[in-house]
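As a plain string of letters, each chain reads:
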Amino acid sequence: MLPRVVPITGIIPENPYTKTFILDDAIPQATPGQFVMLWIPGVDEKPFAIVAREPLTITVAAVGPFSRALHALNIGEKVGWRGPFGHGFDLGGDGETLLIGGGYGVAALYFAASELRKQSRDVTVAMGGRAAQDLLFEERLCALGARVEIATEDGSRGVRGLVTDAAQEALMRAKRILACGPEAMLAAVMRLALAKNIPAQLAVERYMKCGFGICGQCTLSGKLVCMDGPVFTAKELSQLPEFGRVHRDATGAAHFFQGRGARRI
Amino acid sequence: MSEPDLSVTICGVRLRNPTVLASGILGLSEDLLIRVGEAGAGAVTSKSCGLKPRAGYPNPVVADWGAGLINAVGLSNPGVDATMEEVRTAKRVLKPKGVAVIASIFAESVWDFGVVAQKISPAEPDLIEVNISCPNVEHEFGQFFCATPYVAAQVTRRVKQSTDIPIIVKLSPNEANIAEIARAVVDAGADAVSAINTLGPGMVIDIESRAPIISNRIGGISGAAIHPIAVRCVNDIARAVPVPIVGIGGNAAARDAIEMIIAGAHAVGIGSAIYSRGLAVFAETTRGIEAYMRQHNFARLDDFRNSVMETAPTAGSRIVIPQPTEP
Ligand SMILES: Cc1cc2nc3c(=O)[nH]c(=O)nc-3n(C[C@H](O)[C@H](O)[C@H](O)COP(=O)(O)OP(=O)(O)OC[C@H]3O[C@@H](n4cnc5c(N)ncnc54)[C@H](O)[C@@H]3O)c2cc1C
Ligand SMILES: Cc1cc2nc3c(=O)[nH]c(=O)nc-3n(C[C@H](O)[C@H](O)[C@H](O)COP(=O)(O)O)c2cc1C
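These numbers were taken from a predicted model, which means no experiment stands behind them.

## Some words on the overall build of chain A
Along the backbone of chain A there are 7 helices and 17 strands. Scaling as 2.2 N^0.38, a compact globule of 265 residues should have a C-alpha radius of gyration of about 18 Å, and chain A matches this with 17 Å. The principal-axis extents of the C-alpha atoms in chain A amount to approximately 50 × 40 × 35 Å. Looking at chain A residue by residue over its 265 residues, the buried ones come to 59%. Within chain A, contacts between residues at least 6 apart in sequence are counted, and of these 60% link residues at least 24 apart. Within the structure as shown, chain A displays about 10,600 Å² of accessible surface, and the carbon and sulfur contribution to it stands at 54%. Taking the average place of the 29 positive charges on the side chains of chain A and the average place of its 26 negative ones, the gap between the two points comes to 4 Å.

## Considerations on empty space enclosed by the protein
Sizing a probe to match a water molecule and rolling it over the atoms shows the empty space that remains. All names here are of chain B. Applying the stated criterion to the full structure yields 4 cavities of 30 Å³ or more. Approximately 500 Å³ is the volume attributed to the largest cavity. Taken together, 35 residues form the lining of the largest cavity, with Ser23, Ile25, Asn71, Asn197 and Thr198 sitting closest to its centre. When residues of the lining of the largest cavity are traced back to their parent elements, those giving at least two are β6 (69-71) and β8 (127-131).

## Regarding the site of ligand 2
Taken together, 24 residues sit near ligand 2, with Ser23(B), Ser48(B), Lys170(B), Gly250(B) and Ser272(B) positioned nearest. One finds residues of chains A and B in close proximity to ligand 2. A distance of 3.0 Å separates an oxygen atom of ligand 2 from a polar backbone atom of Gly271(B). A distance of 2.6 Å separates an oxygen atom of ligand 2 from a polar atom in the side chain of Ser272(B). In isolation ligand 2 has 600 Å² of accessible area, and contact with the protein removes 98% of it. With respect to the detected pockets, ligand 2 is housed in the largest cavity. Its residues assigned to classes, the shell around ligand 2 shows 9 nonpolar, 13 polar and 2 charged.

## Some words on the pattern of salt bridges
Taken as a whole and assessed by the stated rule, the structure comprises 29 salt bridges over all chains. For Arg173(A), the salt bridge identified is with Glu96(A), shortest N-O distance 2.9 Å. Highlighted residues: Arg173(A) in helix α5 (residues 168-173) and Glu96(A) in the loop between β6 (78-85) and β7 (97-102), separated in sequence by 77 residues. On the basis of relative accessibility, which here comes to 8%, the residue Glu96(A) falls in the buried class. In this structure, the salt-bridge partner of Arg300(B) is Asp303(B), at a minimum N-O distance of 3.5 Å. Accessibility expressed as a relative area gives 35% for Asp303(B), which makes it partly exposed.

## Digging into the packing of helix α5 (residues 149-162) of chain B against helix α6 (residues 178-187) of chain B
Residue and element names in this part refer to chain B. At a minimum axis separation of 8 Å, α5 and α6 run at an interaxial angle of 35°. Remark: the crossing between α5 and α6 carries right-handed chirality. Residues Pro149, Ala152, Ala153 and Thr156 of α5 pack against Glu180, Ile181, Ala184 and Val185 of α6. When the residues that make up the contact of α5 with α6 are grouped by side-chain class, the tally is 6 nonpolar, 1 polar and 1 charged.

## Focus on the interface of chain B and chain A
Interface extent is often summarised as the accessible area lost during association of the parts. In this complex, chain B contributes 34 residues to the contact, which on the side of chain A involves 33 residues. Surface buried jointly by chain B and chain A totals about 2,600 Å² across both partners, of which 61% is contributed by carbon and sulfur atoms. The interface formed by chain B and chain A includes 2 salt bridges. Taken together, the links from chain B to chain A amount to 13 residue pairs in polar contact (both at pLDDT 80 or more). Put simply, the parts of the chain that give the side of chain B that touches chain A at least two residues each are α1 (30-38), β5 (62-64) and α9 (273-277) of chain B.

## Structural notes on the sheet that holds strand β10 (residues 192-195) of chain B
Residues and elements named next belong to chain B. Pairing is parallel around the closed barrel formed by 8 strands, whose spatial order is β3-β4-β7-β8-β9-β10-β13-β14. Strand-to-strand twist of the sheet, defined as the mean angle between neighbouring strand axes without regard to direction, takes the value 25°. With 3 bridges joining them, strand β13 (residues 245-248) and strand β14 (residues 267-270) adopt parallel strand pairing. Across the sheet, Ile248 pairs through a bridge with Gly269, a residue of β14. Helix α7 (residues 227-240) rests against β9 (167-171), β10 and β13 of the sheet, and its axis sits at about 165° to β13.

## A look at the site of ligand 1
Residues and elements named next belong to chain A. The environment of ligand 1 is made up of 18 residues, and the closest members are Lys46, Pro47, Thr59, Phe66 and Ser67. At a separation of 2.7 Å, an oxygen atom of ligand 1 approaches a polar backbone atom of Pro47. The side chain of Glu205 places a nitrogen or oxygen atom 3.5 Å from a nitrogen atom of ligand 1. Protein coverage of the free-state accessible area of ligand 1, which is 850 Å², stands at 80%. Counting residues per element, the ones that place at least two in the shell around ligand 1 are β4 (44-49), β5 (57-61) and α1 (65-71). The biggest single contributor to the shell around ligand 1 is β4, with 4 residues. Residue contributions to the shell around ligand 1 reach at least three from each of two domains, namely domain 1 (4-85) and domain 2 (97-256).

## Quick look at the sheet that holds β6(A)
Residue and element names in this part refer to chain A. Taken in spatial order, the 6 strands of this open sheet run β4-β3-β6-β1-β2-β5, and their pairing is antiparallel. If you trace the sheet from one side to the other, it starts and ends with β4 and β5, each paired once. Here the strands of the sheet are splayed against their neighbours by 40° on average, with no regard to which way each runs. Where strand β1 (residues 4-15) meets β6, 4 bridges bridge the pair, whose relative direction is antiparallel. Directly across from Val5, in β6, lies its bridge partner Gly80.

So, how was this worked out
Residues numbered from 1 in each chain as written. Chains lettered and ligands numbered in written order. Predicted model: local features only at pLDDT ≥ 70, side-chain atom pairs only at ≥ 80, totals over all residues. Heavy atoms only, no water. Helix = DSSP H or I, 4+ residues; strand = E, 2+ residues; numbered from the N terminus. Rg over C-alpha atoms; globule rule 2.2 N^0.38 Å. Buried < 20%, exposed > 50% of the residue type's maximum accessible area, 1.4 Å probe, protein only. Contact = heavy atoms within 4.5 Å. Areas by Shrake-Rupley, 256 points an atom, 1.4 Å probe, with all protein chains shown as cover. Lys, Arg positive; Asp, Glu negative; His and termini not counted. Charge placed at Lys NZ, Arg CZ, Asp CG, Glu CD. 1 Å grid on protein atoms, 1.4 Å probe; cavity = no way out; pocket = protein on both sides within 12 Å on 5 of 7 lines; lining within 4 Å. Points joined across faces, edges and corners; volume = space filled by probe spheres on them. Near = heavy atom within 4 Å. Polar contact = N/O pair within 3.5 Å; in protein donor to acceptor, adjacent residues only side chain to side chain. Sits in = over half its atoms within 2 Å of the grid points. Nonpolar A, V, L, I, M, F, W, Y, C, P; charged D, E, K, R; others polar. Salt bridge = Lys/Arg side-chain N within 4 Å of Asp/Glu carboxyl O. Axes fitted to C-alpha atoms, helices over the stretch in contact; angles between N-to-C directions. Left-handed = near helix turned anticlockwise from the far one by under 90°. Buried area = accessible area lost by both parts, 1.4 Å probe. Pairing = 2+ DSSP bridges. Domains from an automatic or database assignment.

Put into C-alpha cells, the structure is as follows:
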C-alpha cells in the first residue's frame, strides 16, 4: 500500500495547540481506534488516530517538528496517508460504555462515540486536561447525545483533579471502558478497571516506523502496537511488563517513563 | 519410511528446522526474537547493530509498492551494548527451545567491525552475521565493504580475529560477481555466507507530489520480486564455495524455501513475507518442506540440497535467427 496524496479540505482549531484536519478522501473500512500514517512529503510520516471515516479526519496536537509542520499547512495543500492500520475497539455488548480520554486521545474516542450513538447506545465521556483550554470535542460529543464529565487539574472546568475523578460516577454504571490518552492515565484506568472488574480496552502509543508489522520498532513486551494493538484489553496490558514503564526511541533504545503515574518495577 | 529430519547443522550449531528470521525484521527486542522463535523459526537474527546508537532516517522508511517492499531504515539500532543484552536474554530463553540466536553486526570501518564483534561476543550468540551488504548507506558503510573482494576479505579477517564465535558473512546481490566475493570471504575465514541482502537500491515516486516515497530517496528491494535473483545468487555461491549458505530473499512459502535448498542453501531466511503471511510463515514453511520430503522420500535436507539438474544448452536448442530473404 503506497500513500495516497490528497488535499486538505478543512482545518478546525480545537484548542491553542490542537487542530483537526479534514482530507479529501475517505477510509470506509476504518474502525474506531485504528490509525493512519500521515505523510508530509519531504518532512516525515507519523501515526495518528482516525477521527472520522468520511471524509478522513484526524486531530493533531503540535508537539514537535512533524506536527508543527502539519499545523503550518493550509487548506488546499496536500498530505499523504496510508492505512487503516492496527486493531480498533470492539464496540459490541449491551449497557453503557464509558470513554475515558486525555489530551488528543479524546479525538480518537470521538470516533467510537459517534459509532455507538449511531446505534443509540448509552455513552459517557470522561475527559481531562490541565486547564479548561486543554479540552477538546466537548460540544461535538454533547451534540451526539453523549454525557460528558470533565476534570481539570487547576479546577478551571469540571471537577478539580484527574480524569479518573471525573469518571467516578459513570464507573458505577459502565459495562465497559474504552480509553485513550497519556500512558500514565491509561495505567491508572487499567488498575481501576481491573479492581472494579469492568472490561476495558485501552489504546496505547509507541514510537512507530513502518506501521505494518515489519520493523519491530513499536514492540511492547513483544506485542506490536501497530498490528496487535494499538487497542489492548486491560487484562492483556497487565501481563506486559513494559506497559506503563518502558518505551523506545527512534534508535530502539528502551527508556523508563518518568514522573507521576509511571508503573513501579 | 521414518520421519523426515528437518534439522540442519551450520558451523556446529544445530537448527531444529531450516527457517531463519532475517536481520532487520522484528528483531528489535528480545521479546520479539523470542516470539518469532516460539512461532516456529529454527533460528532468529537480531537487527544489525553498530558501535553507537543510530536513529536512522525519517519516515517513510519502508513501503509496500505492490510486488515487494522497499526500505531504507538507515541501520537504526540502539548500539552494540544494548543489543548485547537483547541477544543474551533471547539466547537464554530460546536455547532450551532449540532455537539458535544469530547476532547481526555492521560498522563504519574495517577496524570497528572487529570492535563490534568483540563487544557482542560475551552475549554468546550461536553465530555472528556480518552485514557488509546494506545498500542504503553507501559511501558511509555497507556497499563499500562488499564492493570489492579485497575489502570484503579484510572485514572477514578482522572479525575472525576478534571472536571465537562462527561467522556468517552476508552478501549483496548488487555486485557483478557474487561468487567472487563469496570466494574471497571464505578464503579469509568466513564459516558461512548468507545471501542476499536487499536488491538495488530502487526508487518509488509518488506521482501526485513527485516526492520519493522513501525519505532516503532510494531503498533496498525485498520480497517476492527478488526471489529468483536470490536463488541464482545462492546457486552461484554454492558452485563457488563449500561453506554453509543461508539463502535469503523473497522466501514466503515452502516452495520458495525448497527452491533455495535445491540451489544450495542449508537454511532459508525469511523477512518481508512476515508482512503478508504473519509469523505463521515459519511453521507453514517447515510443514511444507516436510510434506515435500515425504513425497520425494527424502530423509534429510542433504538428500536434495545443492541438486540443481545440469542443463547445459545443446546445439539443437540454440535459437536460429532467420535471415531476411530477398523479395
Ligand atoms: C497509534 C498512535 C496514534 C496516535 N494518534 C495521535 C492523534 O490522534 N493525535 C496526535 O496529535 N498524536 C497522535 N499520536 C502521536 C503522534 O504520532 C506524535 O505526536 C507525533 O509523531 C509527534 O511527532 P513530532 O515530530 O511532531 O514530535 P517529536 O518531537 O518527534 O515527538 C513528540 C512525541 O511524539 C512521539 N513520537 C514521535 N515520533 C513518533 C512516531 N514515529 N511514532 C509514535 N510516536 C512518535 C515521541 O515519542 C514524543 O513523545 C499517535 C501515536 C500513535 C503511536
Ligand atoms: C525493513 C527491513 C530492514 C532490514 N534491515 C536489515 C538489517 O538491519 N541488516 C541486514 O543484514 N539486513 C536487513 N534487511 C535485509 C533482510 O535481512 C533480507 O536480507 C532482505 O530483506 C531479503 O529478504 P526478504 O525478501 O525475505 O525480506 C532488512 C530488510 C527489510 C525489509
